[in-house]
Amino acid sequence: MKPLVVVDADVLGRRRTGDETYVLNLLRALAPLAPEAGLRIAAVTRHPGLVPDGIEPVELSTTTQELRMTLMLPRLLRRLGAALGHFQHTLPLVLPCPAVVTIHDLSFEREPSLMSRKDRIIFSVFVPRAARKAKRVLTVSERTRRDLRELYGIPDDKIVVTPNGVGPAFTASNSLLQGDYVLLVGAVQERKNPLAALAAAESAGLPLVVAGPPKDEALAHELERRGARMAGYVAEDELVQLYRGAACLIQPSRYEGFGLPVLEAMACGTPVVAVPEPALREVAGDAAVWAEEHQLGEGIRRAVADRDKLVAAGLERARLFSWPEAGRRTLEVYREVLGL
């Protein structure tokens, strides 16, 4: 019997933006690779119908995350005979098997004012515990690797960087015509700095479209009151069309662990304007217009003027990031921890 790796896929179907994108695409990448690597992969989720082919779906529903993490998941791992568990952010209180954890960013440590007090307390207690208890820590950028080392003292040889990829749906259209709006993609919250995006779009004479669930309802209402078009959470096919129809993507985030919308926009042939945040620079390199927050409006005008050059550079840059490669690196970590 092949060793069983159980991936916590509770985010599937829950509109958790980057976390859900990561798990879904990682499972898709692992499915064809696992048999040859001598492993079985199972995904624990409340929506088994969303689990990709080639991955064993295991349904687990619960009323509270506390009950799920303290009691139900440990019992399930034991019942399944899991050889390894893979989780995001935190680990179950008791583990009947070794575990790896993916930590996307440490924004709650670097920019605590951008998170609610309750969430900040929860993350600051359980994330460092997970980083220290896990056999390996996966992360999506060198920026977060540095944060893990500096803030928690996690040694470099325990951290493996597995950058996100770009899904197959995110491709450029044949026309690549100039769009007529500025696009901001991500959950509506202070960390994404959407009011700065709106101000920049207004200064460039273009409307702002915001695609993402309203994590901060008051902020979402304020954006709408000031004239932004709030698209809310959108399905992948609609998101692709929004990228293709935009004059540019704007990313004024105060902190990022990766910046998936930057990668998706470049793959769709959409110019990117962003603040020079370290993780965003890792993703886009020289293929974006970089501007400080107060200069983002001018950045939009530059992106419109240099559109053809930015589109070509972005398409080339996006090819460097692939989910199959992320899956391959992740599988190597599984095998290493299991001693295979």
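Residues numbered from 1 in each chain as written. Predicted model: local features only at pLDDT ≥ 70, side-chain atom pairs only at ≥ 80, totals over all residues. Heavy atoms only, no water.

1. Section: the pattern of salt bridges
- Counting across every chain of the model gives 21 salt bridges.
- As a salt-bridge pair, R226 and E222 come within 2.6 Å of each other at their nearest N and O atoms.
- Among the salt bridges present, the one from E325 reaches R328, with a minimum N-O distance of 2.5 Å. You can see E325 and its partner R328 sitting in helix α13 (residues 323–338), three residues apart, about one turn around the helix.
- What you see here is one network of salt bridges that share partners, running through D8, D10, R14, R46 and R68. (Salt bridge = Lys/Arg side-chain N within 4 Å of Asp/Glu carboxyl O. Helix = DSSP H or I, 4+ residues; strand = E, 2+ residues; numbered from the N terminus.)

2. With respect to the sheet that holds strand β12 (residues 272–274)
- Taken in spatial order, the six strands of this open sheet run β10-β9-β8-β11-β12-β13, and their pairing is parallel. Each end of this open sheet is capped by a strand with a single partner; those strands are β10 (229–232) and β13 (289–290).
- The sheet contact formed by strand β11 (residues 248–251) and β12 spans three bridges and is parallel. Bridge pairing in β12 places L249 opposite V272. (Pairing = 2+ DSSP bridges.)

3. Details of the sheet that holds strand β4 (residues 84–88)
- Ordered by their spatial adjacency, seven strands build an open sheet running β3-β2-β1-β4-β5-β6-β7, and the pairing between neighbours is parallel. Two strands in the sheet have a free side with no partner beyond their single neighbour: β3 (56–59) and β7 (159–161). Pairs of neighbouring strands in the sheet enclose a mean axial angle of 25 degrees, with direction left out of account.
- Pairing between strand β5 (residues 99–102) and strand β6 (residues 136–139): three bridges, direction parallel. Paired with V100 across the two strands is R136, which belongs to β6. (Axes fitted to C-alpha atoms, helices over the stretch in contact; angles between N-to-C directions.)

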